[in-house]
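# Reading the structure
So you can see what is in the structure, the chains are spelled out below.
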Amino acid sequence: MLNGGGVDARLAEQRREVIRIARRMVADRLVVGTSGNVSVRCGDLVAVTPSGVDYEDLRVPDIPLVDLDGNVVEGDLKPTSELPMHLTAYREHDAGAVVHTHSLNATALSLLRDDVPAVHYQLADFGGAVRVARYATFGSPELAESMSQALAGRTGCVLRNHGTITIAETLPKAYHRARQLEWLCELWLTAARVGDPHLLSDEELARCAKLFATYGQNPRN
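Here's what I pulled together on the structure shown here. What you are looking at is a predicted structure, and each value in this text was computed from that prediction instead of being measured. (Residues numbered from 1 in each chain as written. Predicted model: local features only at pLDDT ≥ 70, side-chain atom pairs only at ≥ 80, totals over all residues. Heavy atoms only, no water.)

### Quick look at the packing of helix 2 (residues 83-93) against helix 4 (residues 141-151)
Viewed as axis vectors pointing N to C, helix 2 and helix 4 meet at an angle of 40°, and their least axial separation amounts to 9 Å. In this view, helix 2 runs oblique relative to helix 4, as classed from their interaxial angle. The handedness of the crossing between helix 2 and helix 4 comes out as right-handed. Counted together, Pro-84, Met-85, Thr-88, Ala-89, Glu-92 and His-93 of helix 2 and Leu-143, Ala-144, Met-147, Ser-148 and Leu-151 of helix 4 form the full contact between these two elements. Split by residue class, the contact of helix 2 with helix 4 holds seven nonpolar, three polar and one charged. (Axes fitted to C-alpha atoms, helices over the stretch in contact; angles between N-to-C directions. Helix = DSSP H or I, 4+ residues; strand = E, 2+ residues; numbered from the N terminus. Parallel < 35°, antiparallel > 145°, perpendicular 65-115°, else oblique. Left-handed = near helix turned anticlockwise from the far one by under 90°. Contact = heavy atoms within 4.5 Å. Nonpolar A, V, L, I, M, F, W, Y, C, P; charged D, E, K, R; others polar.)

### A few points about the pairing of strand 10 (residues 156-159)
Side-chain alternation along strand 10 places Gly-156 and Val-158 on one buried face and Cys-157 and Leu-159 on a second face that is also buried. Bridge analysis of strand 9 (residues 130-133) against strand 10 gives two bridges, and the strand direction is parallel. Opposite Val-132, over in strand 10, you have Val-158 as the bridge partner. In the classification by handedness, the crossover that spans strand 9, the intervening helix 4 and the parallel strand 10 is right-handed. Both strand 10 and strand 11 (residues 163-168) contribute to a ladder of four bridges, which runs antiparallel. Pairing of Val-158 across the sheet is with Thr-164, part of strand 11. In textbook terms, the turn of a hairpin is the stretch between consecutive antiparallel strands, and for strand 10 and strand 11 this stretch comprises three residues, one of which, Asn-161, has a positive phi near 55°. (Buried < 20%, exposed > 50% of the residue type's maximum accessible area, 1.4 Å probe, protein only. Pairing = 2+ DSSP bridges. Right-handed = clockwise from strand over helix to strand, strands pointing away.)

As structure tokens, then:
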């Protein structure tokens, strides 16, 4: 991965992608300030946002590279305090990328429910009912464990009184799921203000999950 102490082109590209997605989180109002964090796995290394740095000021060398034990391999800045959650997602859930937001509607829903109601078939993309993880202090091993339990068999979860975690093979896909999860929570909150929302059945979600498996365009060879 490293060539003569430097960073190879692929790692530089992944670090640029981390910066791009971090800035999108701010633009899309999924975080405020320097809250939230993103990472992407590159073999045995992880490129992750640093702690407490304005995303607009980030440059490629500012993105730390850590191994799967959390040791900094490249970079002078300290990784995000939520690194334990990211590493747990890689080690225990085979993630290729992780997005952690502090989005408003998902966090609001976490104060009221233990899962995200099946108000739309888009929920099938998460592998079933999206769970709300029990609360634990940010950056703690207990939060990483709580997240891992809620993430079992899923591609995302909500963290009580905190935000969301989504995973995918790629960072753009993980970010797409973060936006979709926020929209699902907003949809339920909007409908619940005026009545009792009608929910899709487990059978319908399972049917949609099979359709999602073949959804989209096939890449050209």
